[in-house]
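Structure at a glance
One-letter residues, chain by chain:
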Amino acid sequence: MPDVVGNLHLHTTTSDGTGTHDQVASAATRAGLDFIIYTDHNVSAEGVEGWYHDSSTGRKLLRLMGQEINDQSREPELNHLLCHFVCSDLNGVAADPQELINAITERGGLSFLAHPLERPGYEAAEQMYPWISWDISGYTGIELWNAMSDTKWHLRTMLRAVLGAYLPNWVLNGPFPELLIKWDELLATGQKVVAIGNSDAHAWSFSLGPFTRVVYPYEFLFRAVNTHLILPEPLNEDANMASQQVYNVLKMGHCYVSYDLIGSPRGFTFTGASGTQEAIMGDTLTLQSEATLRVVSPHRAKLRLIKDGQLLTKTQGKELVWQTAEPGIYRVEAYRQYWGQQRGWVFTNPIYLRAEV
Ligand SMILES: [Zn+2]
Ligand SMILES: [Zn+2]
């Protein structure tokens, strides 16, 4: 099945990013992405969606439009919500997270809680924009790994900030462990919660004395934390149909989060089979006496199979197979060594193994 890679959280000059729509798209093609979704703050742009052909690389990219919405009159501005596939003005309902989620769903969009848990950066709590209104339902999922959130935490002292500005590969580590726990808690309530991973790229420059540098430019970040979609067939030449394909797969959770810089995870699969049924990540599988879960990785990695938030088994290698008669929520984490540290590489959406009723 085709594995297409994209980034679903990024900013342009339409809000507080530094690249135009075309500059960002060009950076995405250089990084090898197949699609991007623009998510400027509380605003979207018209006339940008569709296939973009980049003359410098000869590659093409599907451009889709979304927004990152929060109540901008609130101090501090918490509860950032990624809204994909909806371009209408939703600022009127931004103050009430549930109303906002409902409005997105009614308009046929998808909603993901952006950087739901954050850690203080160099300027401490002033820079944190976590999600705090957890009494909500009906959203599509959460942003499990936000590269800029992770970066902000790693650059929390002046020394680390200088090192990180010049050695970006040293910085990214993985989703915050407390967010993995939170995700498992949300899944345990019985809802499907689709996890995605993104850049949140702005490409800001920072100055230190006489030196000014764009830290974490678009292209670097697009080579880093992304979301891979498992499609039943390649993206259609028709942009509207391709958009529908991306929508369907995201909604189903047929996707995984990865840190592509460590090694391309294309070909990474997590599948299940029980009786005559087959499932991929994001699917529900009805247990018929026993099920087989299989993980296949294109590179050697530390593979961990998680059931209902607990480590079930682990191995070092390219394959993990597990037989079970236990219903539960099964998901996979893969870790690899990079720049002297073990780092998060792949985080799949779950296979929901349900008991036969
Ligand atoms: Zn945000
Ligand atoms: Zn953002």
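1. What about the pattern of salt bridges?
Any two side chains of opposite charge can pair, given that their charged atoms come close. Applying the stated criterion to the full structure yields 13 salt bridges. Ionic pairing is found between Arg331 and Asp184, a salt bridge with its closest N-O pair at 2.9 Å. In this pair, Arg331 sits in strand β18 (residues 328-338) while Asp184 sits in helix α5 (residues 177-188), placing the two residues 147 residues apart along the sequence. Classification of Arg331 as buried rests on a relative accessible area of 2%.

2. Re the coordination of the zinc ion (ligand 2)
Octahedral metal centres with six donors ideally show angles of 90 or 180 degrees, and tetrahedral centres with four donors ideally show 109.5 degrees. Within the protein, His9 (NE2), His11 (NE2), Glu68 (OE) and Asp200 (OD) serve as the donor atoms for the zinc ion (ligand 2), at 2.1 to 2.2 Å. Coordination geometry of the zinc ion (ligand 2): the four donor atoms subtend angles of 81 to 171° at the metal centre, consistent with an arrangement described as irregular. Donor residues for the zinc ion (ligand 2), ordered by position in the chain, follow H-x1-H-x56-E-x131-D. In this structure, the zinc ion (ligand 2) lies 3.5 Å away from the zinc ion (ligand 1), the two metals sharing Glu68 as a donor. Of this pair, His9 sits in the loop between β1 (3-7) and α1 (21-30) while Asp200 sits in the loop between β8 (194-198) and β9 (205-208), placing them 191 residues apart in sequence. Here His9 and Asp200 have matching classes, each one buried.

3. Comments concerning the coordination of the zinc ion (ligand 1)
The coordination sphere of the zinc ion (ligand 1), as far as protein atoms go, consists of Glu68 (OE), His80 (ND1) and His115 (NE2), spread over 2.0 to 2.2 Å. Each donor residue of the zinc ion (ligand 1) lies on the same chain, and together they follow the pattern E-x11-H-x34-H. Taking relative accessible area as the criterion, His115 reaches 5% and is therefore assigned buried.

The rules behind each value
Numbers given to residues run from 1 along each chain, matching the order in which its sequence is written. Working convention: letters from A go to chains and numbers from 1 go to ligands, in the order in which they are written. Totals for whole chains, interfaces and linings use all residues, but because this is a predicted model, local features are given only for residues with pLDDT of at least 70 and pairs of side-chain atoms are given and counted only at 80 or more. Neither water nor hydrogens contribute to the side-chain values; these are computed over all heavy atoms in the structure. When a carboxyl oxygen of Asp or Glu is within 4 Å of a side-chain nitrogen of Lys or Arg, the pair counts as a salt bridge. Here a helix means four or more residues in a row that DSSP labels H or I, a strand means two or more in a row labelled E, and each is numbered from the N terminus. Only protein chains enter the accessibility calculation, which uses a 1.4 Å probe; a residue whose area is less than 20% of its type maximum is buried, one above 50% is exposed, and one in between is partly exposed. Shown as donors are all N, O and S atoms within 2.8 Å of a metal ion, widened to 3.2 Å for Na, K and Ca; because water is not in the atom set, sites may appear incomplete. For four-coordinate sites, all angles between 85 and 135 degrees define a tetrahedron; for four- and six-coordinate sites, opposite donors beyond 155 degrees with the remaining angles between 65 and 115 define square planar and octahedral shapes respectively, and all other cases count as irregular.

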